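Chain by chain, the residues run as shown.
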Amino acid sequence: IYVTKLSAMLARNEQAMLPLFRKALFVILPLFTAACGGGNSTSPMQDNEPVVVEIFEYMGEKLTSVTKLRDNSIQGPQAVNINSWRLKVDGLVDNPREFTYEELLARDTIKRLVWLHCVDGWSAKILWEGFSLARLFEEVGVQISARHAIFYAEDGYHNYLSVNYITVNDIIVATHANGKPLSESRGFPLHVISQSKYGYKWCKWVTRIELVKDGSQAGFYENRGYPREGNVGEHYYDPDENRLRP
Ligand SMILES: Nc1nc2c(c(=O)[nH]1)N[C@H]1C(S)=C(S)[C@@H](COP(=O)(O)O)O[C@H]1N2
Ligand SMILES: [Mo]
């Protein structure tokens, strides 16, 4: 609108005023773009969207601040270029697909308050928000023979979950935590919410979900001796041996 107004004014004004307006345009336009968040499509300042702030309480429950979690991921926080990023869903599916971030944001959302327990001994209670993975599986037509889903991430991390666990628990893939889009250290753009399983089963920075017959060879930590199911409560952390024990 501002650009149209300015050019209309430019057109109406006589030649003498032109250099002045050109200068003004030069100054105003960058300021205006900066105020809009520099053209960043995920900026909360764009399109009259409200400023997004983290929430610290939900239905009477105190939440853990997402900024207070220490990032202990294998390669540190990943800076994903969201314009070229895609979620690829392939393997034993009738319709392999690639989703853009926008397409995933447009899906029906589910909010869920879930504890994240890391085997290192810390826990966090966070309000996650995202889309149903089971519904996405229906859409791509996951085949009967697909027993596992392998999640691959930007940082080379991977792990698997059973399709049965995902559908029975209606597992969600989060795009938001405590009311805010995920940050780079929280796994932007996607963090799998593997409720009742240890943190190492919660893949962050997901780029691909592959449906396979048997994915039990996958798993960064699983292949380093951590339990394949990773169910909270079935194991405890032994600090002397630095591993989970039954
Ligand atoms: N891609 C990727 N996902 C990952 C990890 C990782 O290193 N890379 N670490 C896992 C571990 S061990 C934990 S405890 C959780 C931590 O999630 P948070 O950073 O949101 O607390 O992420 C899991 N998902
Ligand atoms: Mo962890």
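Above this text is the structure in question.
So, how was this worked out
- Residues numbered from 1 in each chain as written.
- Chains lettered and ligands numbered in written order.
- Predicted model: local features only at pLDDT ≥ 70, side-chain atom pairs only at ≥ 80, totals over all residues.
- Heavy atoms only, no water.
- Pairing = 2+ DSSP bridges.
- Helix = DSSP H or I, 4+ residues; strand = E, 2+ residues; numbered from the N terminus.
- Axes fitted to C-alpha atoms, helices over the stretch in contact; angles between N-to-C directions.
- Contact = heavy atoms within 4.5 Å.
- Core = buried A, V, L, I, M, F, W, Y, C linked by side-chain atoms within 4.5 Å.
- Buried < 20%, exposed > 50% of the residue type's maximum accessible area, 1.4 Å probe, protein only.
- Near = heavy atom within 4 Å.
- Polar contact = N/O pair within 3.5 Å; in protein donor to acceptor, adjacent residues only side chain to side chain.
- Areas by Shrake-Rupley, 256 points an atom, 1.4 Å probe, with all protein chains shown as cover.
- Nonpolar A, V, L, I, M, F, W, Y, C, P; charged D, E, K, R; others polar.

1. Topic: the sheet that holds strand S4 (residues 97–99)
Thought 1: Pairing is mixed in the open sheet, where five strands are placed in the order S4-S3-S12-S7-S8. Only two strands of the sheet have a single neighbouring strand rather than two, namely S4 and strand S8 (158–162). With strand direction ignored, the average angle separating the axes of adjacent strands in the sheet is 20°.
Thought 2: Note: strand S3 (residues 87–91) against strand S12 (residues 206–212), four bridges, orientation parallel. Note on S12: the bridge partner recorded for Asp 90 is Glu 210.
Thought 3: Against the sheet, helix H4 (residues 133–140) makes contact with S3, S4, strand S7 (148–153) and S12, and its axis sits at roughly 140° relative to S4, the strand it touches most.

2. A closer look at the pairing of S8
Thought 1: Sheet topology note: the S7/S8 ladder contains five bridges and is antiparallel. Residue pairing for S8: Ala 149 is matched across the bridge by Leu 161.
Thought 2: Between S7 and S8, which pair antiparallel one after the other, the connecting turn spans four residues, and Gly 156 there sits at a positive phi close to 90°.

3. Topic: the nonpolar core
Thought 1: Among the nonpolar cores identified, the biggest contains 54 residues, and Leu 87, Trp 128, Phe 137, Phe 151, Ile 166, Ile 209 and Leu 211 are the most heavily contacted of them.
Thought 2: Here Ile 209 is in contact with Leu 87, Lys 88, Val 89, Asp 90, Leu 133, Phe 137, Ala 149, Ile 150 and Phe 151, once residues within four sequence places are set aside.

4. So, the site of ligand 1
Thought 1: Around ligand 1, the structure places 19 residues, and the nearest of them are Asp 155, Arg 186, His 191, Trp 202 and Lys 204.
Thought 2: Backbone polar atom of Ile 74 to an oxygen atom of ligand 1: 2.8 Å apart, as the coordinates give it.
Thought 3: Between ligand 1 and Lys 204 there is a distance of 2.3 Å, counted from an oxygen atom to a side-chain nitrogen or oxygen.
Thought 4: If ligand 1 stood free it would expose 540 Å²; the protein chains cover 99% of that surface.
Thought 5: Across the shell around ligand 1, the residue classes break down as twelve nonpolar, four polar and three charged.

Shape is all these values report; function is a separate question.
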